[in-house]
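Below are the chains, spelled out letter by letter.
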Amino acid sequence: MNKRGHVMNAALLAIGLGYIVEPAGSLKTFETIAAVFVPLVLGALFPDVDTHFGKHRKTLHNLFVLGIVAAYPIYFDNLQWVWLGVVTHYVLDALGTTRGLALFYPLWDEEFGAPVGVPVSSKYANAMMLAVTGFELTLAAFVVYVLPEYLPAETTMPTLAAAVPL
């Protein structure tokens, strides 16, 4: 996916996550969107820094780098949502493009992807980005509403009953 696709994916995810976590559309919803927007966009752009050094889709597109970024909130108490931007970048590259990415680099050079992707320059790239974004938001809603026990203990999430008034 190109940089525009990664930014649009992160922006749409921030908005979607805001409504998944705070479905009322209140000020709290918009505070949640604001809290995750910039970190998600930064995380979504970070892996493509390797277009300027190293090997693209290898140097910064692997699980080792993701582990380092994910450790920042634990060890340094910052970059809380950047890891999620990096994850969404990886998902978009793996599912949305024909090339995939080298998840185990530098130990293994092979690139992994799904057979459903499109070339980055394809006229269908935006549609693919929207499809992957929809998948990511569906997965996020599933975790928040069906599997909340797997979220960090300090995370407060709405209940499904509160999100969907009957």
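Here the residue numbering is sequential within each chain, running from 1 through the sequence in written order. The predicted origin of the model limits local features to residues at a pLDDT of at least 70 and limits the giving and counting of side-chain atom pairs to 80 or more, whereas totals for whole chains, interfaces and linings rest on all residues. Only heavy atoms go into the side-chain values, all of them from the structure, while hydrogens and water stay out.

So what's going on with the overall build of the protein? Residues and values would help.
Helix and strand assignments come from DSSP, with helices taken as H or I runs of at least 4 residues and strands as E runs of at least 2, each series counted from the N terminus. Counting its secondary structure elements, the protein contains six helices and zero strands. Order of helices (α) and strands (β) in the protein, N terminus to C terminus: α-α-α-α-α-α. With C-alpha atoms as the basis for the radius of gyration, the globule rule is written as 2.2 Å multiplied by the number of residues raised to the power 0.38. In terms of overall dimensions, the protein is globule-like: its C-alpha atoms have a radius of gyration of 16 Å, near the 15 Å expected for 166 residues. Counting only C-alpha atoms and orienting by the principal axes, one finds that the protein spans roughly 50 × 40 × 25 Å. Within the protein, buried positions represent 37% of all 166 residues. Here, two residues are considered to be in contact whenever any of their heavy atoms come within 4.5 Å of each other. If you take every contact in the protein between residues at least 6 apart in sequence, the share linking residues at least 24 apart comes to 56%. If you sum the accessible surface of the protein, you get close to 9,400 Å²; carbon and sulfur atoms cover 71% of it. None of His or the chain ends enter the tally, which takes Lys and Arg as positive and Asp and Glu as negative. Where a charge lies is defined by one atom per residue type, namely NZ (Lys), CZ (Arg), CG (Asp) and CD (Glu). Looking at charge distribution, the protein has the averaged site of its 8 positive side-chain charges lying 13 Å from that of its 12 negative ones. Accessibility here uses a 1.4 Å probe with only protein chains present; expressed as a share of the type maximum, an area under 20% marks a residue as buried, one over 50% as exposed, and anything in between as partly exposed. Using the Shrake-Rupley algorithm and a 1.4 Å probe, accessible areas are obtained, with residue cover drawn only from the displayed protein chains.

How would you sum up the pattern of salt bridges? Please name residues and give values.
Any carboxyl oxygen of Asp or Glu within 4 Å of a side-chain nitrogen of Lys or Arg constitutes a salt bridge here. For the structure on display, the rule yields three salt bridges. With a shortest N-O distance of 3.4 Å, R57 and D93 are connected by a salt bridge. Of the two residues, R57 is situated in the loop between α2 (27–45) and α3 (63–75) and D93 in helix α4 (residues 82–96); the sequence distance between them amounts to 36 residues. The burial state of R57 is the same as that of D93; both residues are buried. Its salt-bridge partner being E111, residue R99 comes within 2.9 Å of it at the nearest N-O pair. One end of the pair, R99, is in the loop between α4 and α5 (125–145); the other, E111, is in the loop between α4 and α5, and twelve residues separate them in sequence. Take E111: its relative accessible area is 22%, and that puts it in the partly exposed class. Here the residues in one salt-bridge network are K58, R99 and E111, joined through shared partners.

Pulling in residues and values, what's your account of a nonpolar patch on the surface?
Residues L63, F104, L107 and W108 make up a contiguous nonpolar surface patch of roughly 460 Å² in combined accessible area. Here L63 is to be found in helix α3. Owing to a relative accessible area of 40%, L63 belongs among the partly exposed residues under this scheme. Only residues whose relative accessible area exceeds 30% and that form no salt bridge enter a patch; like-charged residues are grouped when within 9 Å of one another, and nonpolar side chains (Val, Leu, Ile, Met, Phe, Trp, Tyr) when within 5 Å.

Quick rundown of the packing of α3 against α4? Include the residues and the values.
Axis angle and axis distance: for two packed helices, these are the angle between their axes and the distance between the axes, and together they describe the pair. Axis separation between α3 and α4 bottoms out at 8 Å; the angle between their running directions is 155°. Taken as axis vectors, α3 and α4 run roughly antiparallel relative to one another. As α3 packs across α4, the resulting crossing turns out to be left-handed. Where α3 abuts α4, its residues V65, L66, V69, A70 and P73 lie against V82, W83, V86, V87 and Y90. Classifying every residue of the contact of α3 with α4 by side-chain character gives ten nonpolar, no polar and no charged. Axes here mean lines fitted to C-alpha atoms, for a helix over just the part in contact, with angles spanning 0 to 180 degrees between N-to-C directions. Convention used here: angles under 35 degrees read as roughly parallel, angles over 145 as roughly antiparallel, angles from 65 to 115 as roughly perpendicular, and any remaining angle as oblique. Crossing handedness: left-handed means the near helix sits turned counterclockwise from the far one by under a right angle, and right-handed means the same turn made clockwise. Residue type decides the class: Asp, Glu, Lys and Arg count as charged, Ala, Val, Leu, Ile, Met, Phe, Trp, Tyr, Cys and Pro as nonpolar, and the leftover types, Gly among them, as polar.

With reference to specific residues and values, describe the packing of α2 against α4.
Put simply, α2 and α4 touch, their axes get as near as 6 Å, and they point 45° apart. Taken together, the axes of α2 and α4 lie oblique to each other. Crossing angle aside, the handedness with which α2 passes α4 is right-handed. Contacts between α2 and α4 pair P39, L40, G43 and A44 from the former with V82, L84, G85, V86, T88 and H89 from the latter. Classifying every residue of the contact of α2 with α4 by side-chain character gives six nonpolar, four polar and no charged.

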